[in-house]
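# Architecture at a glance
These are the residues of each chain, in order.
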Amino acid sequence: MKSNFHQKRMNKIRWGILGTGTIAHKFASDLKRVENAELVAAGSRSLQSAEVFCGEFNIPLSFGSYEALAACDEIDIVYIATPNNLHHPNTLLCLNHGKAVLCEKPFALNAGQASEMIGLAHRKNVFLMDALWTKFLPHYQKMIEMVSSGELGEIKMVRANFGFQANPEPDSRLLNPELGGGSLMDIGIYNVFTALDILGKPDEISVSINPAGQGIDEQCAVVFKYHNGAMASLFSSISANLETEVEICGTLGRLKLTAPFYDPTSVLEYDADEKKTVIQTEKEEGLGYQYEAHHATGCLLKGSTESTVVPHDYSILLMQTLDRIRNLAGIVFPDE
């Protein structure tokens, strides 16, 4: 499907969304808050689903297949919002059509897939970014600043929890290994990249899981150990409602990202010298996805092919770390 309704303007980046599920709705809602961004198309495996989605957000172009959206000449960048197992093939599809890509987490099912995606983006010379939206939120950026400045001293311990009670139905996406389900890949990934941001690549990893009925993890407990004595305790669950927060303990102070730590509503609680300070960062209206969308839009306007916040090397490190965890836990997806 093509249309001449719109000509590309140099100061506008034209977005398409692949997939019309929950995360696509959230992203579309926030994209309208991004200056120089315009949502022009959405695609689904069902034309009816695409048309309903486009009607909800007043999007001019709807497509009944992923291939048709990827081939559309009036799109500059595609946000991949499909299930986990489709991130790799959908990204390759869009890159092969010369489209820039912002791919929802997890970036891929494993590091091999991630390397293939990044390699193709390099060959095509187009922008590709892992959509780790929390890394762009003001409170998270402030946390990185405080850790990097040494304000907390030497970091000794990181504790991160993320858990909720998922739909127990057997066809639930979260419980389906064919869709790359399980607690680790869906929500435990937040814990993992937070620990990587604070402490870096772990020297040792230990893992214990509670398997779900279909061979994936219902609950996952991970410990990172470092040669300097630092540790990270990371727990994810899709069977229990946890206090979803992060605590960072250093020799000079303790910092907590309040629940839910991945969301813009989180605030920072800093304990040092027997005094607690609550740090509230400035926030925009919206769900928080506009921050990563603004960054990606800016990268395209500058002609960049890689994010400075989530560079390709970081995406590979994250996927390699998840691979190490899954190998220890015995989690293998059918598509692998």
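Up top is the structure these notes are about.
The structure reproduced in this document is the subject of the present report. (Residues numbered from 1 in each chain as written. Predicted model: local features only at pLDDT ≥ 70, side-chain atom pairs only at ≥ 80, totals over all residues. Heavy atoms only, no water.)

### A look at the layout of surface pockets
Rules: In this analysis, the protein atoms alone were mapped onto a 1 Å grid. Cavities are point sets where a 1.4 Å probe fits without being able to get out; pockets are open sets with protein on both sides within 12 Å along at least five of seven lines; lining residues have an atom within 4 Å of a point. Grid points are joined across faces, edges and corners, and a volume is the space filled by probe spheres set on the points. Numbering of helices and strands runs from the N terminus; a helix is a DSSP stretch of H or I covering at least four residues, while a strand is a stretch of E covering at least two. Here the nonpolar group is Ala, Val, Leu, Ile, Met, Phe, Trp, Tyr, Cys and Pro; Asp, Glu, Lys and Arg are the charged ones; every other residue, Gly included, is treated as polar.
In this structure, the largest pocket occupies an estimated 730 Å³ of space. As for the largest pocket, its lining consists of 24 residues, and the residues nearest its centre are Thr22, Ile23, Lys26, Arg173 and Asp186. For the lining of the largest pocket, the secondary structure elements donating two or more residues are helix H1 (22-31) and helix H7 (183-199). Class assignment of the residues belonging to the lining of the largest pocket gives a composition of 13 nonpolar, 5 polar and 6 charged.

### A look at the sheet that holds strand S1 (residues 13-18)
Hydrogen bonding along the main chain pairs the strands of a sheet, whether they run parallel or antiparallel. As a reminder, the rule being used: At least two DSSP bridges between two strands are needed for those strands to be called paired. For helices, the fitted line uses only the C-alpha atoms of the stretch in contact; every axis is such a line through C-alpha atoms, and the angle between N-to-C directions lies from 0 to 180 degrees. The contact criterion used throughout is that any non-hydrogen atoms of two residues lie within 4.5 Å.
Strand order in the open sheet formed by 6 strands is S3-S2-S1-S4-S5-S6, and the pairing between neighbours is parallel. Across the chains shown, the open sheet's two edge strands, defined by having one partner strand only, are strand S3 (61-63) and strand S6 (128-131). Within the sheet, the average angular offset between the axes of one strand and its neighbour, ignoring direction, is 25°. Where strand S2 (residues 37-43) meets S3, 3 bridges bridge the pair, whose relative direction is parallel. Paired with Ala42 across the two strands is Ser62, which belongs to S3. Sitting on the sheet, H1 touches S1, S2, strand S4 (77-80) and strand S5 (100-104), and the angle it makes with S1 is about 165°.

### Observations regarding the pairing of strand S13 (residues 268-272)
In plain terms, the rule: The rule is simple: take the accessible area with a 1.4 Å probe, protein chains only, and divide by the maximum for that residue type; under 20% is buried, over 50% is exposed, in between is partly exposed.
Across the 5 residues of S13, 4 count as buried, placing the element largely inside the fold. Relative to S13, strand S12 (residues 254-257) runs antiparallel, the two being bridged by 4 bridges. Within S13, the residue paired with Leu257 across the bridge is Leu268. As paired elements, S13 and strand S14 (residues 275-279) share 5 bridges and run antiparallel to each other. From the neighbouring strand, Tyr270 faces S14, where its bridge partner is Thr277. As consecutive antiparallel partners, S13 and S14 are separated by 2 residues, and within that stretch Asp273 has a phi angle of approximately 55°, a positive value.

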